[in-house]
Amino acid sequence: MPSNSDGIINSKGVGEVDDASDIYVVKDNETLLDVARRYNVSLTQLKQANSLETTLINKGQRLRVRNFDVKSETMTSTDDLSENANANYHIVQKGNTLFSISRQYNLSVQELKRINSLETNLINVGQKLRVKKNETSTEDTKQSVYIVKTGDNLYRIALKNGTSVNEIKRLNGLSSNLITVGQKLLLR
């Protein structure tokens, strides 16, 4: 595909462009290159305008495709605004790490990973992370932690407590069924 000296990719043969909007919603199986071609802009421009560190994008993601110098609240959905208002979530910004976010909200990195079901430390700009634990009553809290006793296994613990082995493993970041006596397990 030909490009000019500015690295802008020509959009010949690509679908219709919506001239009315500066924001584009990514469709299934689209790449950032597809969007760049559609709007006749460079990958670098799209990455910078949308604070993207990589060219990976997801279906439903909202991208600024024009007027890159204009800052707008339209990039944030109504849901994000209401969730940010009660501080249960953090939207990952450029430069954020799990460590910096965990310190900001007085959590450990492990706790932040657990409440967001993260298996790695990899996070992406724009990702929504839960930063506040669900509020529970004292009674619920007592019932949600189990201390492993001699002879216990995940299947018995799950059966006794009305949950599943997979749920216990997910909540506690376990990759195997190995547990030890005295270990504290979250059940809910």
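Caption draft 1: Seen up close, the confidence of the model for the protein chain. Overall, the predicted model of the protein chain reaches an average pLDDT of 74, with 73% of residues at or above 70. Mean pLDDT values for the elements of the protein chain range from 39 in helix H3 (residues 78-85) up to 90 in helix H1 (residues 32-39). Throughout residues 71-86 the model reports pLDDT below 50, and contacts reaching past four residues in sequence, or to other chains, amount to 18 contacts. Overall, residues 135-143 carries pLDDT values under 50, and its contacts beyond four positions in sequence, including any with other chains, amount to 3 contacts.

Caption draft 2: Molecular detail of helix H8 (residues 165-172). Every buried residue of H8 is listed here: Ile168, Lys169 and Leu171. Here the buried residues of H8 occupy an arc of 165° about the axis, which is enough to place them on one side. Buried residues belonging to H8 abut helix H5 (109-115), helix H7 (154-160) and strand S6 (184-186). Just past H8, the residue Gly173 takes up positive phi, approximately 65°.

Caption draft 3: Representation of the packing of aromatic side chains within the structure. With the rule as written, the count across this model stands at 1 aromatic pair. Where Tyr24 meets Tyr39, the ring centres are 5.5 Å apart and the plane angle is 65°; that geometry is what we call edge-to-face. Separated by 15 residues along the polypeptide, Tyr24 in strand S1 (residues 23-25) and Tyr39 in helix H1 bring together distant segments of the chain. The residues Tyr24 and Tyr39 share a single accessibility class, namely buried. The ring of Tyr89 carries Lys128 above its face, with NZ or CZ at 5.3 Å from the centroid.

The rules behind the values
Residues numbered from 1 in each chain as written. Predicted model: local features only at pLDDT ≥ 70, side-chain atom pairs only at ≥ 80, totals over all residues. Heavy atoms only, no water. pLDDT = per-residue confidence, 0-100. Helix = DSSP H or I, 4+ residues; strand = E, 2+ residues; numbered from the N terminus. Contact = heavy atoms within 4.5 Å. Buried < 20%, exposed > 50% of the residue type's maximum accessible area, 1.4 Å probe, protein only. Arc of directions from axis to C-beta. Phe/Tyr/Trp six-rings, centres within 6.5 Å; stacked < 30°, edge-to-face > 60°. Lys NZ or Arg CZ within 6 Å of the ring centre and 35° of its normal.

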